[in-house]
2 protein chains.
Amino acid sequence: MQTKNMKITMAYDGTNYHGYQKQKNNPITIQQTVEQAIEKVFKHPFEINGCSRTDAGVHAREYVFSCRLPKSVPEQGIIRSLNDSLPPDIAIISAEQADDDFHARFNSLGKQYEYLIYTSPKDPFLATRALRLWKCPDINIMQRAADILIGEHDFKSFCSADCTLENTVRTIYNISVSQENNFISIKVAGNGFLYNMVRIIVGTLIAVSEGKISAEDIKNILDKKDRTLAGMTVPAHGLYLNKVFYSEKEVETIGK
Amino acid sequence: MQTKNMKITMAYDGTNYHGYQKQKNNPITIQQTVEQAIEKVFKHPFEINGCSRTDAGVHAREYVFSCRLPKSVPEQGIIRSLNDSLPPDIAIISAEQADDDFHARFNSLGKQYEYLIYTSPKDPFLATRALRLWKCPDINIMQRAADILIGEHDFKSFCSADCTLENTVRTIYNISVSQENNFISIKVAGNGFLYNMVRIIVGTLIAVSEGKISAEDIKNILDKKDRTLAGMTVPAHGLYLNKVFYSEKEVETIGK
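Residues numbered from 1 in each chain as written. Chains lettered and ligands numbered in written order. Predicted model: local features only at pLDDT ≥ 70, side-chain atom pairs only at ≥ 80, totals over all residues. Heavy atoms only, no water.

Caption draft 1: Spatial organisation of helix H5 (residues 217-224) of chain A. Residue and element names in this part refer to chain A. Every buried residue of H5 is listed here: Ile218, Ile221 and Leu222. Buried residues of H5, viewed axially, fall in a sector of 100°; they line one side. Next to the buried residues of H5 lie helix H3 (139-149), strand E7 (151-154) and helix H4 (197-209). Downstream of H5 by a residue or two, Lys225 has a phi angle that is positive, lying close to 50°. (Buried < 20%, exposed > 50% of the residue type's maximum accessible area, 1.4 Å probe, protein only. Helix = DSSP H or I, 4+ residues; strand = E, 2+ residues; numbered from the N terminus. Arc of directions from axis to C-beta. Contact = heavy atoms within 4.5 Å.)

Caption draft 2: Spotlight on the relation of the copies chain A and chain B. Superposition record for chain A on chain B: RMSD 0.0 Å, screw rotation 180°, translation along axis 0.0 Å. Expressed as an axis order, the relation between the two copies is that of a two-fold axis. When the interface residues of chain A are mapped onto chain B, 100% of them are again interface residues, pointing to one common binding face. (Least-squares fit on C-alpha atoms with pLDDT ≥ 70 in both.)

Caption draft 3: Just the domain arrangement of chain A, in detail. Residue and element names in this part refer to chain A. Examined at the domain level, chain A breaks down into domain 1 (3-97) and domain 2 (110-254). Averaged C-alpha coordinates put domain 1 and domain 2 at centres separated by 27 Å. Contacts between the two partners involve 16 residues from domain 1, matched on the other side by 18 residues from domain 2. Summing both partners gives a buried area of about 1400 Å² for domain 1 against domain 2, and 49% of it is carried by carbon and sulfur. Broken down residue by residue, the surface that domain 1 buries against domain 2 is led by His59, Arg61 and Glu62, which jointly contribute 42%. Linking domain 1 with domain 2 are 4 salt bridges. Between Arg129 and Asp13 there is a salt bridge, with its nearest N and O atoms 3.1 Å apart. Linking domain 1 with domain 2 are 12 residue pairs in polar contact (both at pLDDT 80 or more), by the criterion used here. At 6 residues, the largest contribution of residues to the side of domain 1 that touches domain 2 is made by strand E3 (residues 59-70). Residues belonging to the side of domain 1 that touches domain 2 are distributed by class as follows: 6 nonpolar, 4 polar and 6 charged. (Domains from an automatic or database assignment. Buried area = accessible area lost by both parts, 1.4 Å probe. Salt bridge = Lys/Arg side-chain N within 4 Å of Asp/Glu carboxyl O. Polar contact = N/O pair within 3.5 Å; in protein donor to acceptor, adjacent residues only side chain to side chain. Nonpolar A, V, L, I, M, F, W, Y, C, P; charged D, E, K, R; others polar.)

Caption draft 4: Quick look at the interface of chain A and chain B. Taken residue by residue, the interface counts 23 residues in chain A and 23 residues in chain B. Carbon and sulfur atoms supply 64% of the area that chain A and chain B bury against each other, a total of about 1700 Å² over both sides. Three residues stand out in chain A for area buried against chain B, namely Lys122(A), Pro124(A) and Phe125(A), and they jointly supply 41% of the buried area on that side. Connecting chain A to chain B are 0 salt bridges. The tally of links between chain A and chain B comes to 10 residue pairs in polar contact (both at pLDDT 80 or more). Among the elements of the structure, strand E1 (3-12), E3, helix H2 (75-85) and strand E4 (90-97) of chain A are those that each provide at least two residues to the side of chain A that touches chain B. The class makeup of the residues in the side of chain A that touches chain B is 13 nonpolar, 2 polar and 8 charged.

Caption draft 5: Summary view of the packing of aromatic side chains. Overall, the coordinates contain 18 aromatic pairs over all chains when judged by the stated rule. On the numbers, 6.4 Å between centres and 50° between planes, the contact of Tyr173(B) with Phe245(B) is tilted. With a gap of 72 residues between them, Tyr173(B) in strand E8 (residues 169-180) and Phe245(B) in strand E10 (residues 239-245) connect regions that are remote in the sequence. Feature note: the residues Tyr12(A), Tyr20(A) and Tyr63(A) constitute an aromatic cluster, connected by ring pairs. The positively charged end of Arg61(A) is found above the aromatic ring belonging to Tyr240(A), 4.1 Å away from the centroid. Between the NZ or CZ atom of Arg132(B) and the centre of the ring of Trp134(B), over which it lies, the distance is 4.7 Å. (Phe/Tyr/Trp six-rings, centres within 6.5 Å; stacked < 30°, edge-to-face > 60°. Lys NZ or Arg CZ within 6 Å of the ring centre and 35° of its normal.)

Caption draft 6: Quick look at the packing of helix H3 (residues 139-149) of chain B against helix H5 (residues 217-224) of chain B. Residue and element names in this part refer to chain B. Two numbers describe how H3 lies on H5: the axes approach to 9 Å, and their chain directions differ by 35°. Judged by the sense of rotation from one axis to the other, the crossing of H3 with H5 is right-handed. For the pair formed by H3 and H5, the contact residues are Ala145, Ile148 and Leu149 on the first element and Ile218, Lys219 and Leu222 on the second. For the contact of H3 with H5, a count of residues per class yields 5 nonpolar, no polar and 1 charged. (Axes fitted to C-alpha atoms, helices over the stretch in contact; angles between N-to-C directions. Left-handed = near helix turned anticlockwise from the far one by under 90°.)

Caption draft 7: Quick look at the side chain of Ser52(A). Residues and elements named next belong to chain A. By the secondary structure assignment, Ser52 is in the loop between strand E2 (49-50) and E3. On the basis of relative accessible area, Ser52 is assigned to the buried category, the value being 11%. Apart from the residues lying within four places of it in its own chain, the contact partners of Ser52 are Tyr20, Tyr63, Lys111 and Tyr113.

Caption draft 8: Fine view of the pairing of E1(A). All names here are of chain A. The buried count for E1 comes to 9 of 10 residues, which makes it a mostly enclosed element. Of the pairings in the sheet, the one linking E1 to E3 comprises 9 bridges and is antiparallel in character. Its bridge partner being in E3, Thr9 is matched across the sheet by Val64. Note: E1 against E4, 7 bridges, orientation antiparallel. The partner of Thr9 across the bridge, within E4, is Ser94. (Pairing = 2+ DSSP bridges.)

In structure tokens form, the structure reads like this:
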């Protein structure tokens, strides 16, 4: 069968999945569900290469994966047939033929995540969509602390304690904290992220806004390379993968 | 223990519940979950009387129940402690002391439901929140058909086929069909609803907009008292209980 290399973008509500990555003991994951839909549609298994892992409960507005698919099927047919086969909480947004050597992870120049917080009265329709806080954090204080994290740093303090990576240096392109009514959005763009890094950054910014950590401590926390100094890991359900960057232009216009 | 009669309003995302009503074989229901939270908070069981049953997957923006609770606990304490004990997809909105004979169901003068449809590209975040249609229905055609249903009618044709009620006459106060971008909202207010009645009305209005049933057929469908003549029962997950009416004024201002 003749195949073509595809760059496919999807969105998903991660609530009912054990994260993106296929696992041995076979819980339902995004990757496994998409590969099953592909096999059902094309009567042939194709492995997909995702841009990133996402944890259980984390959502994606634009998640990119690459995979080879039959050359004969047009892009619109791929989108429509996969959407028909996928469950309603996973949607294919776009599909385009890519260079033969395109790989969703290796070609990525970075990603933008968004974390959503709300402080209105308890809202059952946000149960799996945003973190509820009792007190509205001060976004100016959070932004001041966030600014210190921008740039190239060793983010070992902002990585899950069981992280065994040798190189924990990453570049954060930008962090922007904004508020609309009772919603607070924290967008974090960078060239790569350690395990739980965005969720620990957000937990630390919340701790700063609560006065538990001062904005000036942030540099010290980076220097000490000690996870226990940073804030808590906020829950997964407020986190969205917003965008994956594949060109310097995207990094410039969206990431910064 | 001295108790007071309470009128309590809650909102819930019905996705993970087997409907409102407690059941014998013990699946998770809204009623059971709320009664467990009440028993946990007050160290004593209290039965709650709901305004209505809702089916599995149906949501509520304002669901009212009555129950007796300890006199000593102030309203704000009831709201806060119940919200802390309830799961994140059920939220107490308000709690007020009511007349001793107030009963959420028997005192109700009617209810307003809303059904949500969307026609934008597949959206995973609406998987459990709105019905997706390929083609945008014509809201003017739907409204014209809906207008024929307003008033007092025998709605036997708009009731689940296994309905065994003797009296299937109900009064619909109003139906309004509106559109905002790719969302269509159908609000139905009435003095009472038969099993699946709102979902069959919506299915029928969709069938009219698709040209499968003519608006002029609606009167005939009512007259024939035959469920098979009306449209399909649309899925539960697009349905919201919006409001329960306890005064003529509410009926006048919201219901009509």
